[in-house]
Amino acid sequence: MSTQTTQFIECINFAAIKHKDQRRKDPEQTPYINHPIGVAFILTSEAGISDLAVIQAALLHDTVEDTDTTIDEICQSFGEEVASIVSEVTDDKKLPKLARKQQQIEHAPHVSTKAKLVKLADKLYNLRDLNRARPNRWTEDRITEYFEWAALVVRGLRGTNKTLENSLDQLFRERNIIT
Ligand code: NDP
Ligand code: ZN
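Computed from a predicted model, the values in this text were never measured in an experiment. (Residues numbered from 1 in each chain as written. Chains lettered and ligands numbered in written order. Predicted model: local features only at pLDDT ≥ 70, side-chain atom pairs only at ≥ 80, totals over all residues. Heavy atoms only, no water.)

**Student:** Where do I start with the overall build of the protein chain in this structure?
**Tutor:** Across its full length, the protein chain holds ten helices and zero strands. Put simply, the protein chain runs from its N terminus to its C terminus through helices and strands in the order α-α-α-α-α-α-α-α-α-α. In terms of overall dimensions, the protein chain is globule-like: its C-alpha atoms have a radius of gyration of 16 Å, near the 16 Å expected for 179 residues. Projected onto its principal axes, the C-alpha positions of the protein chain cover 45 × 35 × 30 Å. Going through the 179 residues of the protein chain one by one, you find that 46% of them count as buried. Within the protein chain, contacts between residues separated by at least 24 positions form 68% of all contacts whose residues are at least 6 apart in sequence. Carbon and sulfur atoms provide 50% of the accessible area of the protein chain, an area that totals close to 9600 Å². Across the protein chain, the 24 positively charged side chains and the 27 negatively charged ones have centroids separated by 4 Å. (Helix = DSSP H or I, 4+ residues; strand = E, 2+ residues; numbered from the N terminus. Rg over C-alpha atoms; globule rule 2.2 N^0.38 Å. Buried < 20%, exposed > 50% of the residue type's maximum accessible area, 1.4 Å probe, protein only. Contact = heavy atoms within 4.5 Å. Areas by Shrake-Rupley, 256 points an atom, 1.4 Å probe, with all protein chains shown as cover. Lys, Arg positive; Asp, Glu negative; His and termini not counted. Charge placed at Lys NZ, Arg CZ, Asp CG, Glu CD.)

**Student:** Before we go on, may I ask you to explain the coordination of the zinc ion (ligand 2) in this structure?
**Tutor:** For a metal with four donors in a tetrahedral arrangement, the ideal angle between donors is 109.5 degrees, while six donors in an octahedron ideally sit at 90 or 180 degrees. Listed as protein donors to the zinc ion (ligand 2) are His35 (NE2), His61 (NE2), Asp62 (OD) and Asp122 (OD); their distances from the metal cover 2.1 to 2.3 Å. Spacing between the donor residues of the zinc ion (ligand 2) along the chain follows H-x25-H-D-x59-D. Placement of the pair is histidine 35 in helix H2 (residues 34–45) and aspartate 122 in helix H8 (residues 113–132), with a sequence separation of 87 residues. Take histidine 35: its relative accessible area is 0%, and that puts it in the buried class. (Donors = N, O, S within 2.8 Å, 3.2 Å for Na, K, Ca; no water.)

**Student:** Could you clarify how one ought to interpret the site of ligand 1 in this entry?
**Tutor:** The full set close to ligand 1 counts 18 residues, and Arg24, Lys25, Tyr32, Asn126 and Tyr146 are the nearest of them. Within the contact set of ligand 1, an oxygen atom lies 3.3 Å away from a side-chain nitrogen or oxygen of lysine 97. Between arginine 142 and ligand 1, the recorded distance is 3.1 Å, taken from a side-chain N or O atom to an oxygen atom. Contributions of two or more residues to the shell around ligand 1 are made by helix H7 (97–107), H8 and helix H9 (140–155). (Near = heavy atom within 4 Å. Polar contact = N/O pair within 3.5 Å; in protein donor to acceptor, adjacent residues only side chain to side chain.)

**Student:** Looking at this model, I keep getting lost on the side chain of glutamate 165. Mind explaining?
**Tutor:** Looking at where glutamate 165 falls in the secondary structure, it is placed in helix H10 (residues 162–174). Of the side chains bearing the opposite charge, lysine 162 lies closest to the buried glutamate 165, which forms no salt bridge; the N-O distance is 4.0 Å. A polar side-chain atom of glutamate 165 sits 2.8 Å from the main-chain amide nitrogen of threonine 160. Of the polar contacts made by the side chain of glutamate 165, one reaches the backbone nitrogen of asparagine 161; its length is 2.7 Å. Setting aside anything within four residues of it in sequence, one finds glutamate 165 in contact with Leu120, Leu157, Arg158, Gly159 and Thr160. (Salt bridge = Lys/Arg side-chain N within 4 Å of Asp/Glu carboxyl O.)

**Student:** Explain H10 here, please?
**Tutor:** Since one α-helical turn is 3.6 residues long, residues separated by three or four positions face the same way. The end-to-end C-alpha separation of H10 is 18 Å, in line with the 18 Å expected for 13 residues at 1.5 Å each. Residues of H10 that are buried include every one of Leu164, Glu165, Leu168, Asp169, Leu171 and Phe172, and no others. Buried residues of H10, viewed axially, fall in a sector of 160°; they line one side. Set apart from the buried face of H10 by more than 90 degrees, the exposed residues are Lys162 and Arg173. Residues of H10 that are buried in the fold lie against H2, H8 and H9. Looking one or two residues past H10, asparagine 176 carries a phi angle of roughly 55°, positive in sign. (Expected span 1.5 Å × (residues − 1). Arc of directions from axis to C-beta.)

**Student:** Please clarify how the environment of valine 39 should be interpreted in this entry.
**Tutor:** Note on placement: valine 39 falls in helix H2. On the basis of relative accessibility, which here comes to 0%, the residue valine 39 falls in the buried class. Between the alpha carbons of valine 39 and isoleucine 55 there is a distance of 8.7 Å; along the sequence they are 16 residues apart. Beyond its immediate sequence surroundings of up to four residues, valine 39 is in contact with Ala58, His61, Val118, Ala121, Asp122 and Tyr125.

What is shown is where atoms sit, not what they do.
As structure tokens, then:
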């Protein structure tokens, strides 16, 4: 088997183990791992990305934020480039939730192109997920608020991948959100 395939399987296995007890917020409580796999699939199938480091970072993008995984651990297993992209897309867990959301808006324009690709695909997946099914206890207003915040983050990620940005813009237009 090629080295790339081996590294890819090692990565998806790592993410699956780390997220094994987590569920998404949709009413079906979909296994969490569907999300990072889906983000990686958006990158390969829609954005035309084949760079292994970007795909690995997409698979790992929520491990540090949502599990006990550290950037050092990712660096040991998958190397510096993947660790650096994951670090760029990880919120500062020391900040309260509202400040984290503001920081995403402020940081978006300053991250690397590879991190921007992961962030665009992540936002696209989450917005599609919200359109597909409303999480329990989320009001329509909260969903609108989420779309509006996502539009502000996406503003700082533009000029990275036309296909992803067009797909996101279509979702914003459907909700009359000015971008
Ligand atoms: P978030 O609003 O941050 O929840 C959205 C996040 O959950 C996504 O970014 C995604 O992150 C993850 N997620 C999991 N399942 C789904 C799914 N099915 N669809 C889309 N995203 C999913 O939730 P928090 O609980 O962290 O709340 C933070 C903020 O929400 C507060 O600061 C406040 O501004 C706002 N809020 C608004 C309320 C309202 O009624 N208007 C009420 C309460 C909070 P990932 O990619 O990491 O999985
Ligand atoms: Zn995510």
